[in-house]
Amino acid sequence: MLIDGLRDDFVFGSKGVKYMPYTTYLVEKGASHSFVAEAKLPTVTMPRIKALMTGSLPGFIDVVRNLNSPALLEDNVITQAKAAGKRMIFYGDETWVKLFPKHFVEYDGTTSFFVSDYTEVDDNVTRHLDKVLQRGDWDVLILHYLGLDHIGHVSGPSSPLIGHKLREMDSILMKIHTSLLSEERETLVPNLLVLCGDHGMSETGGHGASSVEELNTALMLISSAFERKPGDIRRPKHVQQTDLAATLAIGLGLPIPANSVGSLLFPTVEGRPVREQLRFLHLNAVQLSKLLQENAPSYKKEPGFEQFKMSERLHGNWIRLYLEENNSEVLFNLGAKVRRQYLDALRTLSLSLSRQVAQYDIYSMLVGTVMVLEVLALLLLSIPQALNNKAELEVPLWSPVFSLLFYLTFLVLSALHVIVCTSAESSCYFCGLSWLTAGGVMVLISALLCAVMSALAEMFAGGKFLSKNPAHPKAQWSELDVLILLGTMGHMLSLGASSFIEEEHQTWYFLVNTLCLALCHEIYRNCFLRDDCEPQPCSHVEEGFVSTAAALRDRSTCCNVLEPHRVSKNPTALDTLRGYEKWMVLASPWVILTCCRLLRSLNQTGVQWAHRPDLGHWLASSDHKAELSVLAALSLIVIFALVQRRCSLTSKVAMALGLLGVYCYRAAIGNVLFPWQRDSKDISKGVIEARFVHVFVLGILFTGTKDLLKSQVIAADFTIKTVGLWEIYSGLVLLAALLFRPHNLPVLVFSLLIQTIMTKFIWKPLRHDAAEITIMHYWFGQAFFYFQGNSNNIATVDISAGFVGLDTYMEVPAVFLTAFATFAGPVLWASHLVSFLSSETSSGSALSHACFCYALICSFPVSAYIVLVTSLRYHLFIWSVFSPKLLYEGMHILITAAICVFFTAMDQTNTQS
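None of these values were measured; they are calculated from a predicted model. (Residues numbered from 1 in each chain as written. Predicted model: local features only at pLDDT ≥ 70, side-chain atom pairs only at ≥ 80, totals over all residues. Heavy atoms only, no water.)

## Description of the overall build of the protein chain
When helices and strands are tallied, the protein chain shows 39 helices and 10 strands. Counting all 913 residues of the protein chain, 55% fall into the buried class. Sequence separation of at least 24 residues holds for 75% of the intrachain contacts in the protein chain that already meet a minimum separation of 6. As displayed, the protein chain has an accessible area near 40,600 Å², and 62% of this comes from carbon and sulfur atoms. (Helix = DSSP H or I, 4+ residues; strand = E, 2+ residues; numbered from the N terminus. Buried < 20%, exposed > 50% of the residue type's maximum accessible area, 1.4 Å probe, protein only. Contact = heavy atoms within 4.5 Å. Areas by Shrake-Rupley, 256 points an atom, 1.4 Å probe, with all protein chains shown as cover.)

Structure, rendered in structure tokens:
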């Protein structure tokens, strides 16, 4: 009986005493053995099932495979049981059916990802129990209950629903146990009932990371064979989750899975004769020593192997004494010594294997790393071409294909591929591909290498080197440019330290605050320190952001010579501001700093301080529902006020009704209250209310897309395109308002407020170029990712957001909504970037520059990180810190790239570039 998300304190803590009385009785007085089983990363369901049944340590890629589990080919208890003729029945999470197809004589799978359902998903398992417990045509029955985990995702471990679900699980356990006891009275053969969890849950209800609450799970083995004397107090011992596979295999008389790193749970065999105890321990030690020989070339020098050989010798001595029928105290003492020696050897072997057994596909990893680095090199070498006035990026792939270097590279790579794949002892992903696919990859690598070499030769031959503005090589770097460059590079370098990754939010908070101070310095210098030179004329933004860059450089250094290609049309924007607007410009950096400081208090994130109370937890508690309701209502009103200003009348009405629907949805599921409500008794899933909002979201997005398509037909109408882009952006804002938890709505409000302030009082008056504006958007997008309460731990992903408005599990909408809710900060800031640049300039170069800069700044950390993770694959925190960060970076670049491609494809002037 596997209960998904069964934390150890749910059974052995105060909640177990209160809500699981029968289970508590079995723990304290019954014929059982209790353990706290420590899971390894990643703490998600599919890898944990693999660990329970194989005893091995799954790789981090299983986080992705968890969405659609492939068949498990590795040696495991289920496969061994089927080979031995065991008849197995399964009810519950369909992940088991995918992992072990054609293994069960009867099964009924339920979808594990529909987290809004925590009732029917368990009823579909329990409804089979009465009949199957009365039948005698099975040897193994597996039940996997999902409701507890789903409640955690939606409401957290402190929800009152947790208590109700634990009571339900306790009653089911009692029904199964009493049925087995009655059967044993007739057959006189003991049964074994295993109660366990696959993983725990964090204080926010998620899982996937490495906190104690996520790692420690309850494990109970209940059987009448475990005799218990009166007064025998058995406290739960700490063991590894992988130990269960070896224990079940020995208990069922099956071979221990070949790749298991677990040890036999010795308390389960303590009641057996000494000879059987030593035999079981010897079987386990032999299996672990064989695995060590396969994974460690110098296995003979390993302490565990030496202890195992010593145990075997002592075991041989004990057997000789035993065969001599020597029942003396010498035999007893020697048996105890052999047992201790075996247990020490098992512990050392298991620990050593846990560190060494990770199998890395080095060849495939190197191929992927080389491709990524080649693409990054091409991006860097294309900067002069992409940032000029034409904003064109042409990668010369065809001409290098016909060069001698290409064919030589291709032949060398093909020969290397054949050598590696024919001599590889272990499985290799790249070698497993068809020869046609592998040949295509090698052609691409060869072409990219030749393109890089060609671009380098062209750069050195023409004497073109990187400058701030390739269109004007003499353009100088401002202090803001230096800050942006150093900040971006410093952040990339910080990713090499695990502590900086765990607390990455602190890096972004520091960079954003420093950026605000730098903008404040630039504003004050332009307003007050202009005595040495006359106010500079500045071309309008519509003349192109790149041509304005040189003017900004000159103005910053008090140089009164304009570039000859620009035409002066308007005075400097700061000079035209008077009264209220000028004071707002001066105050805007401090307002932004205040907003950022308030947001930091809303959600504690990271690792070191995540446990500390914050404003979000205070608001989300049931005691402060009235305060949360007022805050949510005010936030939705402010969101409407900030977004509606540039929408059409139809979109304004849709936005108002959509935001009203958001509040109704949160009231329906019990998060907030209406003014006439005193409590939230009538709680529903809010499917109708959420779908009501989804209709308005799709309507606003459709209206914006229609305006964009219309602007391509009427090329001269610049206003239609601007309105269309803003309406698409406002539709995304409405979707974010629906998916955000109520206490996180102020994050959305402050995001819109900061965007409005910077647009009106910073970017327009100071005339920043496209590259600077792009990087500022990127920085704030990253900061707002953490303001939401996210971190680089998988446990902070709010899976419940993927099922808002769904009454059944649909994979594509659920994945999309979950990804959007997680990366809403970067997505909204990237969308605002496109909308702002398109509204401020009619030329296509600014938006193309922005997309190129965004691609470049996203590629830097991803490329560096792939190399870093490959080189640090044996690092202590490779699974808990570095791998989740790589997954987040990959998702981030995919989502933001999709946004840039969509918006530029919808812009007729930028389609070709």
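Now that the structure is up, let's keep going.
## As for a nonpolar patch on the surface
Together, Trp477, Val482, Leu485, Leu486 and Met489 make up an exposed nonpolar region whose accessible area comes to about 460 Å². Here leucine 485 lies in helix H23 (residues 479-494). With relative accessibility at 42%, the residue leucine 485 sits in the partly exposed group. (Patch = residues over 30% accessible without salt bridge, like charges linked within 9 Å, V, L, I, M, F, W, Y side chains within 5 Å. Salt bridge = Lys/Arg side-chain N within 4 Å of Asp/Glu carboxyl O.)

## Some thoughts on the state of the cysteines
For the structure shown, the criterion picks out one disulfide. Covalently, cysteine 421 is tied to cysteine 431 through a disulfide, its sulfur atoms 2.1 Å apart. What sets the handedness of the cysteine 421 and cysteine 431 disulfide is the S-S torsion sign, and at about -85° it is left-handed. With cysteine 421 in helix H20 (residues 404-423) and cysteine 431 in helix H21 (residues 429-432), this residue pair connects regions lying 10 residues apart in the sequence. With no disulfide of its own, cysteine 520 has cysteine 516 as its nearest cysteine by sulfur position, at a separation of 9.2 Å. (Disulfide = S-S within 2.5 Å.)

## Things to note about the confidence of the model for the protein chain
Regions with low pLDDT carry predicted coordinates that are not meant to be interpreted in detail. When pLDDT is averaged across the protein chain, the result is 84; 87% of the residues are at 70 or more. Below pLDDT 50 for its whole length, residues 531-571 participates in 80 contacts with residues either more than four positions away or in separate chains. Note that pLDDT drops below 50 for residues 908-913; the model gives that stretch 12 contacts with residues more than four away or on any other chain. (pLDDT = per-residue confidence, 0-100.)

## Observations concerning the environment of leucine 99
Locating leucine 99 in the fold gives a position in helix H7 (residues 95-99). In this view, leucine 99 contacts Met46, Ile49, Lys50, Ser69, Pro70, Ala71 and Leu72; residues no more than four positions away in its chain are not counted.

## Some thoughts on helix H4 (residues 45-54)
Of all the 10 residues making up H4, 10 are buried; the element is thus mostly covered by neighbouring parts of the structure. Those residues of H4 not exposed but buried are Thr45, Met46, Pro47, Arg48, Ile49, Lys50, Ala51, Leu52, Met53 and Thr54. Just beyond H4, the residue with positive phi is glycine 55, at close to 75°.

## Considerations on the nonpolar core
Formed by 105 residues in total, the largest nonpolar core has its most connected members in Ile592, Ile639, Leu734, Ile754, Met758 and Phe780. For this core, the element with the most residues is helix H34 (residues 745-766), which contributes 13 residues. Judged by nonpolar contacts, the second largest core, of 61 residues, contains Ile49, Val261, Phe266 and Val269. (Core = buried A, V, L, I, M, F, W, Y, C linked by side-chain atoms within 4.5 Å.)

## Some thoughts on H20
A rise of 1.5 Å per residue sets the reference length of H20, with its 20 residues, at 28 Å; its end C-alpha atoms lie 29 Å apart and thus fit the reference within 8%. What H20 keeps buried is the set Phe406, Thr409, Ser414 and His417. The arc that holds the buried residues of H20, viewed along the axis, is 135°, so those residues lie on one side. Of the residues in H20, the exposed ones pointing more than 90 degrees away from the buried face are Leu404, Leu411, Val412, Ile419, Thr422 and Ser423. (Expected span 1.5 Å × (residues − 1). Arc of directions from axis to C-beta.)

## Describing unusual backbone geometry
It is generally the case that most residues other than glycine have a negative phi and that most peptide bonds are trans. Here the bond from leucine 41 into proline 42 is cis, since omega is -5°, no more than 30 degrees from zero. With respect to the helices, strands and loops of the structure, proline 42 is situated in the loop between strand S2 (32-38) and H4. The backbone of leucine 188 shows a phi angle near 60°, a positive value even though the residue is not glycine. Position of leucine 188 relative to the elements: it lies in the loop between helix H11 (160-187) and strand S6 (193-196). Using a relative accessible area of 73% as the deciding quantity, one classes leucine 188 as exposed. Positive phi, normally seen in glycine, also occurs at arginine 767, with a value near 55°. Looking at where arginine 767 falls in the secondary structure, it is placed in the loop between H34 and helix H35 (770-787). Classification of arginine 767 as buried rests on a relative accessible area of 11%.

## Thoughts on the packing of helix H30 (residues 625-643) against H34
Between H30 and H34, whose axes approach to 9 Å, the crossing angle comes to 25°. When the interaxial angle is binned, H30 and H34 end up roughly parallel. Of the two elements, H30 crosses H34, and the hand of that crossing is left-handed. On H34, the residues that touch Leu631, Ala632, Ser635, Leu636, Val638, Ile639, Leu642 and Val643 of H30 are Leu745, Pro746, Leu748, Val749, Leu752, Leu753 and Thr756. Partitioned by chemical class, the residues of the contact of H30 with H34 number 13 nonpolar, two polar and no charged. (Axes fitted to C-alpha atoms, helices over the stretch in contact; angles between N-to-C directions. Parallel < 35°, antiparallel > 145°, perpendicular 65-115°, else oblique. Left-handed = near helix turned anticlockwise from the far one by under 90°. Nonpolar A, V, L, I, M, F, W, Y, C, P; charged D, E, K, R; others polar.)

## So, the packing of aromatic side chains
Applying the stated criterion across every chain, the model contains 26 aromatic pairs. Connected via pairs of aromatic rings, a cluster forms that spans Tyr509, Phe780, Phe784, Phe787 and Trp829. (Phe/Tyr/Trp six-rings, centres within 6.5 Å; stacked < 30°, edge-to-face > 60°.)

## Here's the deal with the pattern of salt bridges
Scanning the model with the defined rule gives 19 salt bridges in all. A salt bridge links lysine 309 to glutamate 312; the shortest N-O distance between them is 3.6 Å. With lysine 309 and glutamate 312 both in helix H15 (residues 303-323) and three residues apart, the pair spans about one turn of that helix. Residue lysine 309 is classed as partly exposed on the basis of its relative accessible area of 33%. A salt bridge links arginine 525 to glutamate 479; its shortest N-O distance comes to 3.7 Å. One end of the pair, arginine 525, is in helix H25 (residues 504-528); the other, glutamate 479, is in helix H23, and 46 residues separate them in sequence. On the accessibility criterion, arginine 525 (18% relative accessible area) is buried. Ionic contacts of the salt-bridge type, sharing partners, join the residues Arg7, Asp9 and Glu203 into one network.

## Here's the deal with the side chain of serine 32
Along the chain, serine 32 turns up in strand S2. Looking at serine 32, its side chain comes within polar contact range of the main-chain oxygen of leucine 26, at 2.6 Å. Setting aside residues up to four positions removed in sequence, serine 32 forms contacts with Leu26, Val27, Met220, Leu221, Ile222, Phe226, Arg228 and Arg234. (Polar contact = N/O pair within 3.5 Å; in protein donor to acceptor, adjacent residues only side chain to side chain.)

## A look at the pairing of S6
Burial along S6 is two-sided: the residues Leu193 and Leu195 and Val194 and Cys196 are all buried. Bridging between S6 and strand S7 (residues 216-222) involves four bridges; their strand directions are antiparallel. Following the sheet pairing, valine 194 is matched in S7 by leucine 221. (Pairing = 2+ DSSP bridges.)

## What about the environment of valine 452?
Take valine 452: it is sitting in helix H22 (residues 435-462). We classify valine 452 as buried; its relative accessible area is 10%. Residues valine 452 and leucine 376 lie 76 residues apart in sequence; the distance between their C-alpha atoms is 9.8 Å.

## Let's talk about the packing of H35 against helix H37 (residues 824-840)
For the pair H35 and H37, the least separation of the axes is 7 Å and the interaxial angle reads 155°. Compared by their axis directions, H35 and H37 come out roughly antiparallel. Judged by the twist between their axes, the crossing of H35 over H37 is right-handed. Along its contact with H35, which presents Ile773, Thr774, His777, Phe780, Gly781, Gln782, Phe784 and Phe785, the element H37 presents Gly825, Pro826, Trp829, His832, Leu833 and Phe836. Split by residue class, the contact of H35 with H37 holds eight nonpolar, six polar and no charged.

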